[in-house]
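# Fold and geometry: a report
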Amino acid sequence: MELDLREPLLKKIKIGELDPELRHEVLELATEMGHETTITSSSRADVLLRLYRAEKAKEKKSQKRLKKAEKLILAVSSLQFNRSQAVAREEEKKGKARIPGAAIEAMFPVNTAMKRLFESIGITDEKAIISVVEALGEEKTKERIELVQSMRLEEDLLKKVMPLRWTVLQEANDGAFLQSLERVEIKKDIIDAWAKANNRLPVEEANYNKNPGVLWEDFQTISRMLDIKPPEEPWIKPPETSKREEIRYRGKPMDPEDFIKVVMSLGFAVIREAKHGVLLGQGDAIMSVQRGHRRQEQLTTGTIKKKLTEAGVDLDEFEKARRGLGL
């Protein structure tokens, strides 16, 4: 969610109520920004937003301080949100009127941009959206939705499938999350192959257009529906055969340097290089790549796909080159 939407939560907590370590971080940040005299223990925590906005408005802003402020805003507002939930549980135990869920949700609203992002994959339940963003944070949520959008499913089908198992977005392990998406694609491929081989639609329970939930069933269940032998687990690499393996593009975030290595292996060459970026070209195609200012910065799946598409690079060829380089 946008940081501005955290303001109602921040206003409900005072700096003096924070634990010593968190309070120290807030005061340390204020000192760095030259605002130490304006903050006391009775100051409301929304002062963090004022510090953030003031730094962001500077011509020579500090990305390090902005990131630190963002982290503190999220930490403090989440603390207040958790307190509200704890109060609601305590009131319920005492038999008093429980704080309505709608009231809690109102303190932690969902911004329009985030709603639209979730709607692009068929998820409209605000409770689900709040749950995912709280678990992952905004940036990770956007990254995961971009990965879902890159699945080999038609848009209409994607919007039917994802709401049925939206909790997959909260998977803690990135590898397990990607594996879940790949399984869905493979199950669709199995059903499509059966329909093509038999020249007819499968039974209704295995027809994903009528029963999209079938794509979340396990392989054994789908095999019984189609009366076929269960496939080997798709995450186990099958024995090599003489048949050339078809490689499909799988979007994933990448280190800028790794991305540059892959596109250069596809024939792109450096045209111009600067401290913070590089300009690559191949024929009439031009591509600029911004290098990360910090080690953990990565190019998002959306950025990568946009750059490749605009430069006329075949996505599957890019994926083949990426795997060939072990990146």
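For the structure itself, consult the block above.
Here's a quick rundown of the structure. All of these numbers come straight from a predicted model, not from anything done at the bench.

## A short note on the environment of arginine 65
- Within the element layout of this structure, arginine 65 appears in helix H4 (residues 63-93).
- On the accessibility criterion, arginine 65 (23% relative accessible area) is partly exposed.
- For arginine 65, the contacting residues outside a window of four places in its chain are Leu29, Glu32, Met33, Glu55 and Lys58.

## Structural notes on the environment of threonine 309
- With respect to the helices and strands, the residue threonine 309 is situated in helix H13 (residues 301-310).
- Within the structure, threonine 309 has its side chain in polar contact with the backbone oxygen of lysine 305 (distance 2.7 Å).

## Considerations on the pattern of salt bridges
- Throughout the structure, instances matching the rule amount to 11 salt bridges.
- For glutamate 155, the salt bridge identified is with lysine 159, shortest N-O distance 3.3 Å. Here lysine 159 and glutamate 155 lie together in helix H9 (residues 155-161), a separation of four residues that amounts to about one turn.
- Note on glutamate 155: relative accessible area 51%, which makes it exposed.
- According to the relative accessible area criterion, lysine 159 is partly exposed, its value standing at 33%.
- Look at the salt bridges and you will find they share partners, linking Arg152, Glu185 and Asp189 into a network.

## Notes on the packing of aromatic side chains
- In this structure the tally under the stated criterion is two aromatic pairs.
- Pairing phenylalanine 259 with phenylalanine 318 gives two aromatic rings, centres 5.6 Å apart and planes at 45°, and the pair type is tilted. With a gap of 59 residues between them, phenylalanine 259 in helix H12 (residues 256-265) and phenylalanine 318 in helix H14 (residues 315-324) connect regions that are remote in the sequence. Here phenylalanine 259 and phenylalanine 318 have matching classes, each one buried.
- Put simply, the rings of Tyr249, Phe259 and Phe318 touch in pairs and so form one group of aromatic residues.
- Here arginine 144 stacks its cationic end above the ring of phenylalanine 177, 4.4 Å away from the centre of that ring.
- Here lysine 187 stacks its cationic end above the ring of phenylalanine 219, 5.3 Å away from the centre of that ring.

## Some remarks on a negative patch on the surface
- On the surface, Glu204, Glu205, Glu217 and Asp218 cluster together to form a negatively charged patch.
- In this structure, glutamate 205 sits in the loop between helix H10 (174-198) and helix H11 (219-226).
- Exposure remark for glutamate 205: the relative accessible area of 44% places this residue in the partly exposed category.

## With respect to the sheet that holds strand S3 (residues 285-290)
- In space, the three strands of this open sheet follow the order S1-S2-S3, with antiparallel pairing throughout. A single partner strand is all that each edge strand has here, and the edge strands are strand S1 (269-273) and S3. Strand-to-strand twist of the sheet, defined as the mean angle between neighbouring strand axes without regard to direction, takes the value 30°.
- In this sheet, strand S2 (residues 277-282) lies alongside S1 in antiparallel orientation, the contact comprising four bridges. Within the sheet, the bridge partner assigned to glutamate 273 lies in S2 and is valine 278.
- Of the strands in this sheet, S1, S2 and S3 are in contact with H12, which crosses S3 at around 160°.

## A look at the nonpolar core
- Core analysis: the biggest nonpolar cluster contains 36 residues, and Phe118, Val148, Met162, Leu169 and Leu215 have the highest contact counts within it.
- For this core, the elements supplying multiple residues, two or more each, are helix H6 (112-119), helix H7 (126-136), helix H8 (138-149), H9, H10 and H11.
- Sorting elements by how many residues they give to this core places H10 first, with eight residues.
- Those residues in contact with methionine 162 that sit more than four places away from it in its chain are Ile121, Ile123, Val148, Val168, Leu169 and Trp216.

## Let's talk about H13
- Buried within H13 are the following residues: Thr301, Ile304, Lys307 and Leu308. End-on, the buried residues of H13 take up no more than an arc of 135°, which puts them together on one face. Turned more than 90 degrees from where H13 packs its buried face, Lys306, Thr309 and Glu310 sit exposed.
- Among the residues trailing H13, glycine 312 stands out with phi positive, at a value near 75°.

## Brief notes about the packing of H6 against H8
- Axis separation between H6 and H8 bottoms out at 10 Å; the angle between their running directions is 25°. In terms of axis orientation, H6 runs roughly parallel to H8. When you trace H6 past H8, the crossing you get is left-handed. Between H6 and H8, the contacting residues are Met114, Leu117 and Phe118 on the first element and Glu138, Thr141, Lys142, Ile145 and Gln149 on the second.
- Class assignment for the residues of the contact of H6 with H8 results in four nonpolar, two polar and two charged.

## A closer look at the packing of H6 against H7
- Their axes nearest at 11 Å, the elements H6 and H7 cross at an angle of 105°. Accordingly, the angle class assigned to the pair H6 and H7 is roughly perpendicular. In this structure, H6 uses Met114, Lys115 and Phe118 to contact H7, whose residues at the interface are Glu126, Ile129, Val132 and Val133.
- Class assignment of the residues belonging to the contact of H6 with H7 gives a composition of five nonpolar, no polar and two charged.

Reading guide: rules and limits
Residues numbered from 1 in each chain as written. Predicted model: local features only at pLDDT ≥ 70, side-chain atom pairs only at ≥ 80, totals over all residues. Heavy atoms only, no water. Helix = DSSP H or I, 4+ residues; strand = E, 2+ residues; numbered from the N terminus. Buried < 20%, exposed > 50% of the residue type's maximum accessible area, 1.4 Å probe, protein only. Contact = heavy atoms within 4.5 Å. Polar contact = N/O pair within 3.5 Å; in protein donor to acceptor, adjacent residues only side chain to side chain. Salt bridge = Lys/Arg side-chain N within 4 Å of Asp/Glu carboxyl O. Phe/Tyr/Trp six-rings, centres within 6.5 Å; stacked < 30°, edge-to-face > 60°. Lys NZ or Arg CZ within 6 Å of the ring centre and 35° of its normal. Patch = residues over 30% accessible without salt bridge, like charges linked within 9 Å, V, L, I, M, F, W, Y side chains within 5 Å. Areas by Shrake-Rupley, 256 points an atom, 1.4 Å probe, with all protein chains shown as cover. Lys, Arg positive; Asp, Glu negative; His and termini not counted. Charge placed at Lys NZ, Arg CZ, Asp CG, Glu CD. Pairing = 2+ DSSP bridges. Axes fitted to C-alpha atoms, helices over the stretch in contact; angles between N-to-C directions. Core = buried A, V, L, I, M, F, W, Y, C linked by side-chain atoms within 4.5 Å. Arc of directions from axis to C-beta. Parallel < 35°, antiparallel > 145°, perpendicular 65-115°, else oblique. Left-handed = near helix turned anticlockwise from the far one by under 90°. Nonpolar A, V, L, I, M, F, W, Y, C, P; charged D, E, K, R; others polar.

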